[in-house]
Amino acid sequence: MVWCQTEQEIDSLKQLLKGSTGIEESVRLNEELFVAYLYVSLDSANHYRKNIKVISDKNNYTNGQYLYNSLSGRYHFAKSNLDSAFVHIESASKIAEQLENKSYLADCYKKIGVIYNIKRNDSLSKKYALLALDNAKQTDDWRT
C-alpha cells in the first residue's frame, strides 16, 4: 500500500519535472524524486542527485550546489560510506557559510555530529551537535 502511494507520487513528480522550465523548480522536483527513491532504489536516487548537480553547475545556482552536496551526504550515508558522506556534507557546510544560511548550517552540523557519533568521537560529536543547536535556535528551526 505504501509503495503504491509512493509510486503514484513519483509518477506525478516525473510529469511535473517534464514540464518544468525554471531552475529552482527543476532542482526542487529532482530533490523530491531523490527523497522518494532514497530507500527504495539507490540507483534512481543517484540519477536525480546527479541531475541537481548538472542543473546547478550549468546555471551557477549556489543553492542547488549546496543541495547537491547535502543530498550526496545522505546518499553516501545510506550506502554506509561515511567518508564520502562526510566530504559532501563538509562541502555543503562551506557553501552554507558562503550563503550565510543558518538553517543549512544547522543541518550540516547535525549530520557531521551524527557521523562523528558513529565513529565514536564523542568530543567532536558534541561540538557539532551544539553548533547545530545554536544555528537551529537562531532560525527557530526546532525540527533540527
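Since this is a predicted model, take the numbers as computed values, not measurements.

Participant: I'm lost on the layout of surface pockets in this one. Help?
Facilitator: Taken as a whole, the largest pocket spans an internal volume of roughly 250 Å³. If you trace the largest pocket, you find 13 residues lining it, with Tyr66, Ser70, Asp107, Lys111 and Arg143 closest to the centre. For the lining of the largest pocket, the secondary-structure elements that each account for two or more residues are helix H4 (62–78) and helix H6 (102–118). In the lining of the largest pocket, the residues fall into four nonpolar, two polar and seven charged. Computed from the structure, the second largest pocket encloses a volume of approximately 160 Å³. Lining the second largest pocket are Tyr39, Gly73, Arg74, Phe77, Ala78, Ile89, Lys110, Lys111, Val114 and Ile115. At the level of elements, H4 and H6 are the ones that each hand at least two residues to the lining of the second largest pocket. Looking at side-chain class alone, the lining of the second largest pocket contains six nonpolar, one polar and three charged residues.

Participant: Sorry, what's going on with a nonpolar patch on the surface here?
Facilitator: Residues Phe77, Val114 and Ile118 make up a contiguous nonpolar surface patch of about 220 Å² in total accessible area. Examined against the element boundaries, Phe77 turns out to sit in helix H4. Residue Phe77 is classed as partly exposed on the basis of its relative accessible area of 33%.

Rules of the game
- Residues numbered from 1 in each chain as written.
- Predicted model: local features only at pLDDT ≥ 70, side-chain atom pairs only at ≥ 80, totals over all residues.
- Heavy atoms only, no water.
- 1 Å grid on protein atoms, 1.4 Å probe; cavity = no way out; pocket = protein on both sides within 12 Å on 5 of 7 lines; lining within 4 Å.
- Points joined across faces, edges and corners; volume = space filled by probe spheres on them.
- Helix = DSSP H or I, 4+ residues; strand = E, 2+ residues; numbered from the N terminus.
- Nonpolar A, V, L, I, M, F, W, Y, C, P; charged D, E, K, R; others polar.
- Patch = residues over 30% accessible without salt bridge, like charges linked within 9 Å, V, L, I, M, F, W, Y side chains within 5 Å.
- Areas by Shrake-Rupley, 256 points an atom, 1.4 Å probe, with all protein chains shown as cover.
- Salt bridge = Lys/Arg side-chain N within 4 Å of Asp/Glu carboxyl O.
- Buried < 20%, exposed > 50% of the residue type's maximum accessible area, 1.4 Å probe, protein only.

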